[in-house]
Amino acid sequence: MAQNGLVRARIAALFDGAGWFAGLAVALFMFALIMVLGELQSPDLVLWTGHRVVGTEQGGIVYYRWHGQNYSLDAPGYGSSKAVSVYLDPGNPAHAMIDNAYNRAAVGSLIGLPVAGGVALLAIGLSRGYRSRRRQLRGVVPPAGFGQGLDSEFVARRLRELRRDDRNVQ
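### Here we look at the pattern of salt bridges
And step 1. The final tally for this structure, using the stated rule, is two salt bridges.
And step 2. With its nearest N and O atoms 3.0 Å apart, the salt bridge here joins D99 to R104.
And step 3. Since its relative accessible area comes to 27%, D99 is described here as partly exposed.
And step 4. Across the salt bridge formed by R158 and E161, the nearest N and O atoms sit 3.2 Å from each other. Here the residue R158 and the residue E161 both occupy positions in helix α5 (residues 152–164), the gap between them amounting to three residues, near one helical turn.
And step 5. When its relative accessible area of 39% is taken as the criterion, R158 is described as partly exposed.

### Observations regarding the pairing of strand β1 (residues 51–58)
And step 1. In this structure, β1 lies alongside strand β2 (residues 61–66), joined through three bridges in antiparallel fashion. Among the inter-strand pairings, E57 is bridged to a residue of β2, identified as V62.
And step 2. Linking β1 back to β2 in an antiparallel pair, the connection comprises two residues, with G59 at a positive phi of about 65 degrees.

### Things to note about the nonpolar core
And step 1. Within the largest apolar cluster, eleven residues are counted, these being V53, V62, Y64, W66, L73, A75, V84, V86, L88, A96 and I98.
And step 2. What V62 contacts, discounting residues up to four positions off in sequence, is G55, T56, E57, Y71, S72, L73, A75, V84, V86 and I98.

### Quick word on the packing of aromatic side chains
And step 1. Applying the stated criterion across every chain, the model contains two aromatic pairs.
And step 2. Consider the rings of W20 and F21, whose centres lie 4.5 Å apart with planes at 20 degrees: the pair is stacked.
And step 3. Using a relative accessible area of 54% as the deciding quantity, one classes W20 as exposed.
And step 4. Taking the centre distance of 5.6 Å and the plane angle of 20 degrees together, the rings of Y64 and Y71 count as stacked.
And step 5. You can call Y71 partly exposed: its relative accessible area is 22%.
And step 6. Of note, R104 hangs over the ring of W48, and the distance from its end group to the ring centre comes to 5.2 Å.
And step 7. A cation over an aromatic ring shows up here: R104 above the ring of Y87, its NZ or CZ 4.7 Å from the ring centre.

Definitions and cut-offs
Residues numbered from 1 in each chain as written. Predicted model: local features only at pLDDT ≥ 70, side-chain atom pairs only at ≥ 80, totals over all residues. Heavy atoms only, no water. Salt bridge = Lys/Arg side-chain N within 4 Å of Asp/Glu carboxyl O. Buried < 20%, exposed > 50% of the residue type's maximum accessible area, 1.4 Å probe, protein only. Helix = DSSP H or I, 4+ residues; strand = E, 2+ residues; numbered from the N terminus. Pairing = 2+ DSSP bridges. Core = buried A, V, L, I, M, F, W, Y, C linked by side-chain atoms within 4.5 Å. Contact = heavy atoms within 4.5 Å. Phe/Tyr/Trp six-rings, centres within 6.5 Å; stacked < 30°, edge-to-face > 60°. Lys NZ or Arg CZ within 6 Å of the ring centre and 35° of its normal.

Shown next, in the form of structure tokens:
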């Protein structure tokens, strides 16, 4: 149990100073996870996990073979083509999809871009905390009240000086 506390403390120290970068990165990772889970439930999953075979398209129908059996698939919007990539589920070869580069790019970007953004935000947040700790060790960090307004001693001294100056008398 003591080991868990030490690990948690190290992780907390690592993310100390990351601020909202870590929170936004977690939100992006959650979005990517939801997209992955959605893709796992989608019929388009066969484009990522299926076997590729080459079919022939004639008159809007793609004909392909799997283990000696002939199968066909409707291909709306296609002309005649001698080589069409078809991805199929080996357990159910009749369940197949024509390769679609736009679909792959959209799904890949909906998963890959949030993950890349989350990694970038984590890197920025972690480096920010590291730089802050390094500045503190070097003594470069401004005093705790810095940026809170003028020091009250300075204001009092400056007011005394201004009141003593004869040029300010009206």
